[in-house]
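If you want the building blocks of each chain, they are given just below.
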Amino acid sequence: MAILSQSTASFSPSFVSTRSDFTRLTRFPCRVTFRRRFTVSSCFNSSKSPGAGGFLSPDNGGDVSYELHHDLSAQRRRSGSPVFVTMPVNSVSREGGRVLRPKAMMFSLKALATAGVEGVVVEIWWGLVEKNKPRVYDWRGYEELVAMACKCGLKVRAVLSFHQHGAGPDDPNWIPLPLWVLDEIQKDVELAYCDRFGRRNIEYISLGCDILPVLCGRSPIQVYADFMRDFRDTFRALLGVIITGVQIGMGPGGELRYPLSSLEEPNLAWSGELGEFQCYDKYMLASLNASARNIGMREWGNGGPFGTGSLMHNPEHTDFFKNDGGSWDRPYGKFFLEWYSDMLLLHGERICREAETIFRGTEVHISAKLAAIHWHYVTQSHPSELTAGYYNTFNRDGYLPIARMFSKYGFSMCCSCFEMQDAIMQKINPDGSPEGFLRQLLLAARLCDLSLEGQNFSTNLDDGAFTQVLKMSKFYSNGIEKRPFSFNFVRMDKRLFESRNWDRFTRFVRQMSNGNIFRARLYSVGDIRFKAAPVMAEARLLYHLYQYS
């Protein structure tokens with residue numbers, strides 16, 4: 001394989017460590033001890049041939065070898081490109097106490113560091129840390145993972161995930177809510193969101209009971225705050241230094257929204273679903289009823305709107321969502337949608353207030369994520385946004401109030417679909433406009449002077465998708481005042497290390513770094529040796545180590 005960057009200067013530092021069981025780290029996760037010895041050689045401005053390049057060889061004879069080539073200054077290596085890479089969902093075991101495949105993880109982190117990224121995104125799952133009993137936290141696996149990132153010189157963004165991941169026990173990456181929380185939901189099913197058909201959704205606890213002591217004597221907001229506080233105390237020494245950002249989960253998928261349907265893993269990018277209003281648990285109905293009584297319209301407090309159709313209905317064939325004469329734009333519809341969106345905004349504000357207080361003085365950047373719901377964006381009523389809790393229509397901005405709330409508490413905002421293009425999506429769904437949605441959201445962020453974290457929705461990114469990310473990032477950050485923008489690449493898996501994908505990714509990182517020149521190459525893994533053949537087993541890079549599904 002040819003090395004893309006050539007120079008006469010050569011520099012090959014070696015990083016030496018020994019590996020064994022990663023011990024539990026109390027305050028300084030970067031201090032990790034290893035039993036088995038290996039060496040990583042990283043070549044800067046290398047003019048060596050692949051055969052003479054760097055190597056990684058465990059002292060048991062060596063089963064892994066790769067070479068990393070790049071042209072990065074010392075300053076560039078310290079600060080990195082404003083690109084972070086999200087770790088695999090199953091980075092930590094379901095028992096929560098250890099990193100899965102630690103050798104593969106360490107090699108991959110070193111590859112990312114060599115590619116010039118600034119850091120990694122680590123999702124910390126409530127269902128793993130506080131799994132069995134309330135207020136009993138097990139951070140060991142995440143301490144180990146943060147330690148590995150620290151050893152590789154990477155920063156960490158922690159995502160505190162208070163939602164379920166996956167569709168159920170048959171999903172290999174399924175992570176439910178804590179078992180003791182599921183026990184409480186079994187005792188009181190009203191803690192789960194409910195739609196008009198009586199279907200329950202347990203991705204996230206209903207925000208209708210936010211401040212009620214329904215979880216073993218604590219309210220959900222208190223439970224989230226206690227979790228955040230213990231995270232802060234456990235990782236205090238690293239906050240603002242290694243852990244530079246904390247994203248607070250606020251709903252299903254970690255996003256500030258309602259569940260869109262009873263389905264826990266719909267293919268939202270392509271489905272065009274209308275969604276269902278999730279207001280039929282007793283706690284949400286009690287709030288709706290009280291709001292209707294306050295304005296003297298008791299009959300409006302018995303449930304959600306009629307005439308909303310089915311999930312896959314054409315909105316023009318529904319009484320509520322149709323453009324002309326739809327009840328979304330009539331007095332009852334306006335009342336309901338204001339109440340529904342205000343409840344979501346109040347939920348976000350409660351969590352923002354707790355998080356701002358807990359992390360005050362730690363110098364970490366706090367952020368929250370909004371959903372990228374774009375598949376009915378060109379209609380007047382924007383039905384899928386309405387059912388998600390965003391009261392955003394052709395004549396009302398539903399994102400500006402959320403951006404103002406984030407600004408009030410010093411939050412950054414995160415959103416996905418930066419790689420999506422109208423020209424491609426509208427071939428599938430003529431009513432969709434990811435670019436139109438994103439421009440509106442970015443404008444709200446600019447008006448409120450928010451820092452922004454972009455993210456991709458699809459994991460299959462080609463050159464056109466990366467170019468689109470750069471285009472939308474410039475739409476936000478360019479201007480008289482440069483606004484902070486960074487990008488979370490979702491996510492690291494075996495496909496990222498395929499030769500073609502790796503070249504695209506490193507080129508993108510370089511472009512996000514405003515033109516710093518480098519190339520990162522990985523040459524061999526296990527007993528596979530990559531040579532100069534144009535179509536080699538490079539596509540299997542790190543496959544033997546990860547074995548992802």
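Residues numbered from 1 in each chain as written. Predicted model: local features only at pLDDT ≥ 70, side-chain atom pairs only at ≥ 80, totals over all residues. Heavy atoms only, no water.

Enquirer: Give me the lowdown on unusual backbone geometry, citing residues and values where you can.
Expert: Working note: non-glycine residues mostly have negative phi, and peptide bonds are mostly trans. The residue after V490, namely R491, is reached through a cis peptide bond having omega -5°. For R491, the location among the structural elements is in the loop between β13 (485-489) and α15 (499-512). The backbone of R101 shows a phi angle near 50°, a positive value even though the residue is not glycine. Along the chain, the position of R101 falls in the loop between β4 (81-86) and α2 (102-115). Residue classification places R101 among the partly exposed positions, given a relative accessible area of 26%. A positive phi angle, near 55°, is found at D449, a position not held by glycine. When you line up the elements, D449 lands in the loop between α13 (434-447) and β12 (452-455). Overall, D449 belongs to the exposed group, its relative accessible area being 56%. (Helix = DSSP H or I, 4+ residues; strand = E, 2+ residues; numbered from the N terminus. Buried < 20%, exposed > 50% of the residue type's maximum accessible area, 1.4 Å probe, protein only.)

Enquirer: Report on the packing of aromatic side chains, specifying residues and quantitative values.
Expert: In this description, an aromatic ring pair is defined by two values, namely the gap between the centres and the angle between the planes. Within the structure shown, the criterion is met by 38 aromatic pairs. With a centroid separation of 4.6 Å and an interplanar angle of 40°, the aromatic rings of F162 and Y224 are classed as tilted. Here F162 is found in the loop between β6 (155-161) and α5 (179-187), whereas its partner Y224 is found in helix α6 (residues 220-234), with 62 residues between them in sequence. Of the two residues examined, F162 and Y224, each falls in the buried class. Plain terms: the ring middles of W502 and F505 are 6.0 Å apart, the flat faces sit at 35° to each other, and that makes the pair tilted. With W502 and F505 both in helix α15 and three residues apart, the pair spans about one turn of that helix. Three or more aromatic residues joined by ring pairs make a cluster, and in this case those are W126, Y137, W139, F162, W180, Y204, Y224, F227, F231, F235 and F359. Here the guanidinium or amino end of R157 rests over the ring plane of F84, the centre of that ring lying 3.9 Å away. Against the face of F475 rests R439, its NZ or CZ located 5.5 Å from the ring centre. (Phe/Tyr/Trp six-rings, centres within 6.5 Å; stacked < 30°, edge-to-face > 60°. Lys NZ or Arg CZ within 6 Å of the ring centre and 35° of its normal.)

Enquirer: Could you give an account of the nonpolar core, naming the residues involved and the relevant values?
Expert: Within the largest apolar cluster, 144 residues are counted, with the highest numbers of intra-cluster contacts made by F231, I248, F359, F406 and F505. The element contributing the most residues to this core is helix α9 (residues 331-358), with 12 residues. F231 has contacts with I124, W139, A158, L160, L239, I243, V246 and F359, leaving out every residue within four places of it along the chain. (Core = buried A, V, L, I, M, F, W, Y, C linked by side-chain atoms within 4.5 Å. Contact = heavy atoms within 4.5 Å.)

Enquirer: Outline the pattern of salt bridges, supporting the account with residue identities and numerical values.
Expert: Tallied over the full model, the rule gives 25 salt bridges. We note a salt bridge from E453 to R157, for which the minimum N-O separation is 4.0 Å. Taken together, the positions of E453 in strand β12 and R157 in strand β6 put the pair 296 residues apart, joining distant regions of the chain. Each of the two residues, E453 as well as R157, counts as buried. Close ionic contact of D493 with R495 constitutes a salt bridge, the shortest N to O distance being 3.1 Å. Judged by its relative accessible area of 16%, D493 falls in the buried class. Several salt bridges share partner residues, and in doing so they unite E130, R135, R218, D226 and R229 into one network. (Salt bridge = Lys/Arg side-chain N within 4 Å of Asp/Glu carboxyl O.)

Enquirer: Please provide a residue-by-residue account of the confidence of the model for the protein, values included.
Expert: This prediction gives the protein a mean pLDDT of 82; 77% of its residues lie at or above 70. Segment residues 1-29 is flagged for pLDDT under 50; beyond a separation of four residues in sequence, or across chains, it makes 102 contacts in the model. For residues 523-541, every residue scores under 50 in pLDDT, and the model assigns this stretch 48 contacts once sequence neighbours within four places are set aside. (pLDDT = per-residue confidence, 0-100.)

Enquirer: Run through the environment of V189, naming residues and quoting values.
Expert: Inspection of the secondary structure puts V189 in the loop between α5 and β7 (192-194). For V189, a relative accessible area of 41% corresponds to the partly exposed category. Spatially, the C-alpha atom of V189 lies 9.3 Å from that of I202, the residues being 13 residues apart in sequence.

Enquirer: How would you summarise the sheet that holds strand β5 (residues 117-125) if you had to cite specific residues and measurements?
Expert: The parallel closed barrel is built from eight strands, whose spatial order is β4-β5-β6-β9-β10-β11-β12-β13. Taken pair by pair, the neighbouring strands of this sheet meet at an average axis angle of 25°, ignoring direction. (Pairing = 2+ DSSP bridges. Axes fitted to C-alpha atoms, helices over the stretch in contact; angles between N-to-C directions.)

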